[in-house]
Each structure stands twice: as C-alpha cells, then as structure tokens.
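So you can see what is in the structure, the chains are spelled out below.
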Amino acid sequence: MILRDDILCIGRYNKPHGVNGEISASLDVDFEFLRNFSCLISEIDGIYVPFFVEYSRAKSAVSALITIDGITNEREATLLVNKDIYVRKDEYESISSDEDCDEMPIDYFIGFTLYSQEGARVGEIIDVDDATENVLFIVETPEGDEVDIPAADELVTDIDMDGESITMSLPEGLLDI
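Thresholds applied
- Residues numbered from 1 in each chain as written.
- Predicted model: local features only at pLDDT ≥ 70, side-chain atom pairs only at ≥ 80, totals over all residues.
- Heavy atoms only, no water.
- Core = buried A, V, L, I, M, F, W, Y, C linked by side-chain atoms within 4.5 Å.
- Buried < 20%, exposed > 50% of the residue type's maximum accessible area, 1.4 Å probe, protein only.
- Helix = DSSP H or I, 4+ residues; strand = E, 2+ residues; numbered from the N terminus.
- Contact = heavy atoms within 4.5 Å.
- Polar contact = N/O pair within 3.5 Å; in protein donor to acceptor, adjacent residues only side chain to side chain.
- Phe/Tyr/Trp six-rings, centres within 6.5 Å; stacked < 30°, edge-to-face > 60°.
- Disulfide = S-S within 2.5 Å.
- Pairing = 2+ DSSP bridges.
- Axes fitted to C-alpha atoms, helices over the stretch in contact; angles between N-to-C directions.

J.: Can you explain the nonpolar core? Please cite residues and give values.
T.: Membership of the largest hydrophobic core comes to 41 residues, with the highest contact counts inside it found for Tyr13, Ile66, Phe109, Phe137 and Ile149. Looking at this core, the elements that each hand over two or more residues are β1 (7-16), β2 (23-27), β6 (63-68), β7 (84-88), β9 (121-129), β10 (136-140), β11 (146-150) and β13 (165-168). Every residue in contact with phenylalanine 137, bar those within four places of it in the chain, is listed here: Ile106, Phe109, Ile125, Asp127, Val128, Val147, Asp148, Ile149, Ala151, Ile166 and Met168. Residues Ile2, Ile7, Cys9 and Tyr48 belong to the second largest nonpolar core, which totals seven residues.

J.: Describe the side chain of aspartate 107, with residues and values.
T.: Turning to its location among the elements, aspartate 107 is positioned in the loop between α2 (89-95) and β8 (113-116). A relative accessible area of 10% means that aspartate 107 is categorised as buried. At a separation of 3.3 Å, a polar atom in the side chain of aspartate 107 contacts the side chain of arginine 4. Not counting residues up to four positions away in its chain, the partners in contact with aspartate 107 are Arg4, Leu8, Cys9 and Val128.

J.: Describe the packing of aromatic side chains, with residues and values.
T.: The tally for this structure, following the rule as stated, stands at five aromatic pairs. Each ring, one from tyrosine 48 and one from tyrosine 86, has its centre 5.6 Å from the other, and the planes form 85°; the classification is edge-to-face. Residue tyrosine 48 is located in strand β4 (residues 47-51), and its partner tyrosine 86 is located in strand β7; the two are separated by 38 residues in the primary sequence. For the pair tyrosine 48 and tyrosine 86, one class covers both residues: buried. One aromatic cluster is present, formed by Tyr92, Tyr108, Phe109 and Phe112 through successive ring pairs.

J.: I'd like a rundown of the state of the cysteines, residues and numbers included.
T.: On inspection of all chains with the given rule, the structure shows zero disulfides. With no disulfide of its own, cysteine 9 has cysteine 39 as its nearest cysteine by sulfur position, at a separation of 14 Å. Given a relative accessible area of 5%, cysteine 39 falls into the buried group.

J.: So what's going on with the sheet that holds strand β12 (residues 156-160)? Which residues, and what values?
T.: Strands sit in the order β11-β10-β9-β8-β13-β12 across an open sheet of six strands; the sheet is mixed. Since the sheet does not close on itself, it has two edges, and those belong to β11 and β12, each with one partner. On average, adjacent strands in this sheet sit at an angle of 35° to one another, irrespective of strand direction. Looking at chain direction, β8 and β9 are connected through three bridges and run antiparallel. Following the sheet pairing, threonine 113 is matched in β9 by glutamate 124.

Next up, the structure:
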C-alpha cells in the first residue's frame, strides 16, 4: 500500500492529447527526471495508485506528453485530468544528484520538523497549501493545533536534510494568530 508520507508531488495531469490516450502534464521537476521513476502515482478514489509510463516526450523543460500503460484512448485519459502526479520519495532522493533545496518540490518538506530561529520546536509540517502564490506550510504544533506558516525563502535560515528539520526566522506574533 502506498502511503501519503512516502510520496512526493511533482506535477499535475492537464488534459488528454489526441485520441490514443496520451495526456499532457505540468511538472515541478525537469522533464528528464521522469524516465528515472519506476512509476507515477495518482490518487484515485482515495487510494494512491501506481501508473507505469509507456512513453513520454517533452513539450518544454517542465511539461510533457505522457502515455500510460493500459490507457489507450481519450476517455480513459480523462480519468487523470487535474490529478496530482506523485513519485516515491525514496526514488526522488536517490536520483536527485544534488541537495540544492531550491530544486526540491515544496511537498518534499512534509514530515520535516519546524524550529524557530530561537531553537523552539514549532511543530511538524503536515501539509503544504500552494493554492495561491503565497505558499504555506501547515504545521501541527506539539499541542495539536494547526498553524499556517509562510514558506518564504527569506524566512528560512537553515534546512537540515539529514535531520529533516527547517529553522525559520518567524515574524513576531505569527504563532499567536
């Protein structure tokens, strides 16, 4: 069984392309990464389902036309429209040649512990809200509350990839909202 904590969002399916089951996709990673994953994963009826890429071709550096094994017509491809594309987090980590955090999809940081600049544990990042231009970390505090923290580069002072933690300089009063 594929669990949400084990996967990382790398893009989204857009719309069918043609009548033979090909579908366009927007990617948060370079197109070249696609060939390195054993499968692409999407949530179907509340279950994370693996899909195996038969063929893919670039539309641009961050978009592709993808043919999924077993999807042979436009109607079948329509089932994936507007679905997020996930990959296994461990596969992503193994193919990522550098640990440049600027290249990581923001979902990569789900599960990381967030600390304030003063060293206080704020909580665990349990989700990311990227519905607007101002991306937010959804953080569960030790008390069980949820707080929204701006995932702005200028607030991040340190990222410990091995320790899976992020230290941020948080504006005064932010946690009191």
